[in-house]
Number of protein chains: 2
Amino acid sequence: MSSGEDSLIVRYLKPLATDPGAFGLVDDAAVLKAAGDDIVVTTDAVVEGVHFLPQDPPDTIARKALRVNLSDLAAKGAAPAGFVLTLALRDADDAWLEPFARGLGEDARLFGCPLLGGDTVSTPGPLMISITAFGRVPAGRMVHRSGAKPGDRVVVTGTIGDAALGLGILKGGAAATALAGDAAAREMLAGRYRVPQPRNALAKAVRDHAHAAIDVSDGLAGDLAKLCGASGVSAVIDAPSIPLSAATAALLARGTVGIETIVSGGDDYEILCAIPEDSFEAFVQAAGQAGVAVTSIGMVVAGSSVPRFLDGEGAELALPRLSYSHF
Amino acid sequence: MSSGEDSLIVRYLKPLATDPGAFGLVDDAAVLKAAGDDIVVTTDAVVEGVHFLPQDPPDTIARKALRVNLSDLAAKGAAPAGFVLTLALRDADDAWLEPFARGLGEDARLFGCPLLGGDTVSTPGPLMISITAFGRVPAGRMVHRSGAKPGDRVVVTGTIGDAALGLGILKGGAAATALAGDAAAREMLAGRYRVPQPRNALAKAVRDHAHAAIDVSDGLAGDLAKLCGASGVSAVIDAPSIPLSAATAALLARGTVGIETIVSGGDDYEILCAIPEDSFEAFVQAAGQAGVAVTSIGMVVAGSSVPRFLDGEGAELALPRLSYSHF
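Please read all numbers here as calculations on a predicted model, not as lab measurements.

Peer 1: Would you mind going over unusual backbone geometry with me for this structure?
Peer 2: Generally, phi is negative for residues other than glycine and the peptide bonds are trans, each holding for most cases. Residue and element names in this part refer to chain A. Positive phi, close to 50 degrees, is recorded for F23, a residue that is not glycine. If you trace the backbone, F23 turns up in the loop between α1 (3–13) and β1 (30–33). Phi angles above zero are rare outside glycine, and D267 is one such case at about 70 degrees.

Now the structure itself:
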C-alpha cells in the first residue's frame, strides 16, 4: 500500500481499529491476546453480483460482510474478539467508502468486534470483501458440527427462508409481483437478505447446551445434512414446524414459493443446533433471556441417510437440491 | 458452500489442513491455541493482473500469496502458526487447482504454516487469493515499525530490486531486451517476482535485536519512510551499499535501469530493520547462523524528513516516487 491507499485507511478504517492490538493500523500486523481462551477463527468472503447486488447500499454490504462471519462465531459458541478485512476495490470512491466504513464501524461497535487490520487492493473486477473474524471460547469449548446424538432435538433460531425471498424480490421475481401491494413485507424480506441478524446473543447458550451447531448460510436442508454428516447421524424434520415470518408464510400459502425454496434458499444466518432433550428447557429459557426466538423443528435419529423433511401428513418432501453451490 | 465446492475443498485443500485445530476443514471455524504467546495476525491479498500475471504458473501464484504473508510475520519477529485462505475463482478448473494446491501445500510444510480454514467463492472477475496468516511471539514481543532510534543501523536482508526487474522482464520491457542473451539471469529475476523468499529464518534474530522492522513489499524507499514515520525519526542511506544481485547490478551499470526503480519498485519481500550499533555484531552472527544475508545500508538519524538516499559522491538522489500505490 502507499499514498492513496494510506489516506483511505487513515480516513475510513483507522476509526474502526479501537482495539489496542490493532496499533491504530500503523503496523504490518495486529496482536491478539488469547488470555487462556481458545481463539476461534472463521473466514467468509462476499463478492459483488454473487453475495450482494451492485445496487445494494454500501453500508448494508459492509454489515453483511461482517455479519456472515459473526454468525459463524455465534454458532461455534464464541464471543467476538475482532476481525481483519481485505477490501478489493475498482477505485477509491469516497461516496461508496464513507457509508461502507460507517456501516462497518457501527456493526463493529454493536457486536464488540473491532477491526484489527487488513489489506486494501485494487481490482479491475467485482468488489470483494473478505473478512477473517476471531472469537474466544474457554479452552476446548468450541461447539462443533459433530456431536449430535440420536434423540437430540433439532432447533433453529429466528425464521427461515426470508433472505432467499428477499433476494427474489430485489431481482424482481414472482415474490415481488405477489407482494406488489405490500411495501413493508417487501422491505422486511429484502432487509433479511441484505442485513442478516447474527445470533451472537445466543452464543453462550449454544456453548452451554448444544451437542452440535452450524449457522444456516447455504440453506437449512444442506446445512442440516452437513451437521448430520459430521455427527454420523440423520434427522427427521417436521416441515410445518419450521419457523416462518408472516410474509414468507403468506407467500407459501399462496403458492408463490414452495417449501423446497424456503429450506434450500440460503442466506438465513440463523443457528441450527442439536439440543439434548434434558437440556431443552434450560436452552429455551437462556434463549428467552438472550432475546432470541428458538424453535424445535425435529429430531436427530440414528442412520446415515440425508435428513428427511416430512409434510403435515407425514409424507416425505422431495428436495431437488439441498443448498446453494458456487461451482 | 456445497457439492462442487465441498469436493474441491476435500480434494485439494483438506490435505493441507494438518493442524489439529483445523478439524480437517469439516467445521465452520478453526481453533488457534495461543499457549501463553501473543498471536500475530496479518492479511494480504493478491489479485490477478495486479499482483500476479494471468500466465503465471498456478503453483507460483499460491506460493506468492502465502509468502507475502509469511514475510510480514518474519519482519514482526513471529514464528508461523497457520493461515486461512479465501479463494475467489471463476470456475473450479482441476488443471489450475491441482498445481495451485500442490504449491501451497509444499510451502505450508516448508514454513511450518498449516492451512486452518477458508472460504471458496465464485467470481466473474479476476482470480483473487486473500490470506490471513497467524504467528506466535512471546507476550509483548512483536517487533513494530516504531522504535527505531537515531544511531541505529539500517539493515536489509537479501538483495533489492530483483522482483521489479523480474516483472519488467515478464512484461517484455527494457530489461528483457538487455538480457536477451542471458536466460539464467532472466529466469532468476522473474523467479524473484513470482516466488518471494520470505526471511522467516531471521525472525528470532529480528525479535532479539531489532528496534523496529518492516518487510519491503512496496519499495525500499517507501517502506523505510513508513518505518521512520512510525518511529519519529529519519534516515540517511548510502545507495551504493544497497545489496544487489549480479544481474541487477549489471543492468544498473549498463543504464538499463536507474537506482530509483530499484529502491521504489517493490515486491522484494526482504526485511528492513533498525539495529542498535551495540547489537549489530550479534545480529550479523545470528543472521549468518540462519543463512540469511544482511547488509548495513545506512543510519537512522533524528528528524522528520523523508529518508535521504545519497550516491557515491554524497549527493542526494531524486526519487520521483517512493513506492507502489494501488490508488
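Peer 1: In this structure, what is going on with the environment of P243 of chain A? I would like to understand it.
Peer 2: Residue and element names in this part refer to chain A. Tracing the backbone shows P243 in the loop between β8 (234–238) and α9 (246–253). Along the backbone, P243 and I160 are 83 residues apart, and their C-alpha atoms lie at a distance of 6.2 Å. Apart from residues no more than four positions distant in its own chain, P243 is found in contact with V156, G158, T159, I160, T295 and I297.

Peer 1: Got a minute to help me understand the nonpolar core in this structure?
Peer 2: Side chains of a nonpolar character, in soluble globular proteins, are inclined to be buried together. Among the nonpolar cores identified, the biggest contains 98 residues, and F83, I129 and F134 of chain A together with F83, I129 and F134 of chain B are the most heavily contacted of them. Here the element with the most residues in this core is helix α2 (residues 58–75) of chain B; it accounts for 7 residues. The residues contacting I129 of chain B, other than those within four sequence positions of it, are D44, A45, V46, F52, I61, A65, L85, T86, L87 and F100 of chain B. In this structure, L224, I237, A247 and I262 of chain B belong to the second largest nonpolar core, which totals 37 residues.

Peer 1: How should I be thinking about the pairing of strand β10 (residues 294–301) of chain A in this particular structure?
Peer 2: Regular strands place side chains that alternate from one sheet face to the opposite one. Residues and elements named next belong to chain A. Inspection of the sheet shows strand β6 (residues 153–157) paired to β10 by 5 bridges, in the antiparallel sense. Directly across from R153, in β10, lies its bridge partner M299. Sheet topology places β8 next to β10; 4 bridges connect them, and they run antiparallel. Residue pairing in the sheet places I237 in a bridge with G298 of β10.

Peer 1: Any chance you could explain the packing of α2 of chain B against helix α3 (residues 94–110) of chain B here in plain terms?
Peer 2: In helix packing, the relevant descriptors are the interaxial angle and the interaxial distance, both defined with respect to the helix axes. All names here are of chain B. Relative orientation of the contacting elements α2 and α3 amounts to 40 degrees, with a least axis distance of 7 Å. As judged from the angle between their axes, α2 and α3 are oblique. As α2 packs across α3, the resulting crossing turns out to be right-handed. Mapping the contact onto sequence places P58, D59, I61, A62, R63, L66 and R67 in α2 and W96, P99, F100, G103, L104, E106, D107, A108 and L110 in α3.

Peer 1: What is the right way to look at the interface of chain B and chain A in this model?
Peer 2: How big an interface is tends to be reported as the loss of accessible area on association of its parts. Taken together, the 68 residues of chain B in the interface contact 68 residues of chain A. Linking chain B with chain A are 8 salt bridges, by the criterion used here. A salt bridge links K76 of chain A to D28 of chain B, with the nearest nitrogen and oxygen atoms 2.9 Å apart. Along the contact surface separating chain B from chain A lie 27 residue pairs in polar contact (both at pLDDT 80 or more). Take the side of chain B that touches chain A: its biggest share by element is 9 residues, from strand β2 (residues 38–47) of chain B. Across the side of chain B that touches chain A, the residue classes break down as 32 nonpolar, 20 polar and 16 charged.

Peer 1: Got a minute to help me understand helix α4 (residues 162–170) of chain B in this structure?
Peer 2: An α-helix turns once every 3.6 residues. As a result, residues three or four positions apart point the same way. Residue and element names in this part refer to chain B. Turning to α4, its buried residues number three or more, namely D162, A163, A164, L165, G166 and I169. Buried-residue contacts for α4 involve α5 (174–178), α6 (183–194) and α9 (246–253). One or two positions beyond α4, positive phi appears at G172, with a value near 75 degrees.

Peer 1: Mind showing me how you'd approach empty space enclosed by the protein here?
Peer 2: Where empty space is left can be seen by rolling a probe of water-molecule size over the atoms. Scanning the model with the defined rule gives 1 cavity of 30 Å³ or more in all. The calculated volume of the largest cavity comes to roughly 60 Å³. For the largest cavity, the full set of lining residues is A88, T123, P126 and M128 of chain A together with V47, A88, T123, P126, L127 and M128 of chain B. In the lining of the largest cavity, the residues fall into 8 nonpolar, 2 polar and no charged.

Peer 1: Would you explain α3 of chain B in this entry?
Peer 2: Residue and element names in this part refer to chain B. With 17 residues, α3 ought to run about 24 Å at 1.5 Å a step, and its terminal C-alpha atoms sit 24 Å apart, in line with that. Of the positions making up α3, those classed as buried are W96, L97, P99, F100, A101, G103, L104, G105, D107 and A108. At the N-terminal end of α3, a side-chain oxygen is found 3.0 Å from the backbone nitrogen of A95, two or three residues along, and the residue is D93. In the segment just after α3, G112 is the residue with positive phi, at about 60 degrees.

Peer 1: Would you explain the relation of the copies chain B and chain A in this entry?
Peer 2: Between the two copies of the chain lies a relationship made up of a rotation around an axis and a movement along it. In screw terms, the move from chain B to chain A is a rotation of 180 degrees and a rise of 0.0 Å along the axis, fitting with an RMSD of 0.0 Å. Here the two chains are linked by the operation of a two-fold rotation axis. Residue G125 of chain B, judged by its C-alpha, is the member of chain B lying nearest the rotation axis, at 2.3 Å. Residue by residue, 100% of the interface of chain B is reproduced at the interface of chain A, so both copies engage with the same surface.

Peer 1: Which parts of the structure should I look at to understand the pattern of salt bridges?
Peer 2: Pairing between side chains becomes possible if they bear opposite charge and their charged atoms approach one another. All names here are of chain A. Throughout the structure, instances matching the rule amount to 42 salt bridges over all chains. For D107, the salt bridge goes to R63, with nearest N and O atoms at 2.8 Å. With D107 in helix α3 (residues 94–110) and R63 in helix α2 (residues 58–75), this residue pair connects regions lying 44 residues apart in the sequence. In this pair, the class of D107 matches that of R63, namely buried.

Reading the values: the criteria
Residues numbered from 1 in each chain as written. Chains lettered and ligands numbered in written order. Predicted model: local features only at pLDDT ≥ 70, side-chain atom pairs only at ≥ 80, totals over all residues. Heavy atoms only, no water. Helix = DSSP H or I, 4+ residues; strand = E, 2+ residues; numbered from the N terminus. Contact = heavy atoms within 4.5 Å. Core = buried A, V, L, I, M, F, W, Y, C linked by side-chain atoms within 4.5 Å. Buried < 20%, exposed > 50% of the residue type's maximum accessible area, 1.4 Å probe, protein only. Pairing = 2+ DSSP bridges. Axes fitted to C-alpha atoms, helices over the stretch in contact; angles between N-to-C directions. Parallel < 35°, antiparallel > 145°, perpendicular 65-115°, else oblique. Left-handed = near helix turned anticlockwise from the far one by under 90°. Salt bridge = Lys/Arg side-chain N within 4 Å of Asp/Glu carboxyl O. Polar contact = N/O pair within 3.5 Å; in protein donor to acceptor, adjacent residues only side chain to side chain. Nonpolar A, V, L, I, M, F, W, Y, C, P; charged D, E, K, R; others polar. 1 Å grid on protein atoms, 1.4 Å probe; cavity = no way out; pocket = protein on both sides within 12 Å on 5 of 7 lines; lining within 4 Å. Points joined across faces, edges and corners; volume = space filled by probe spheres on them. Expected span 1.5 Å × (residues − 1). Least-squares fit on C-alpha atoms with pLDDT ≥ 70 in both.

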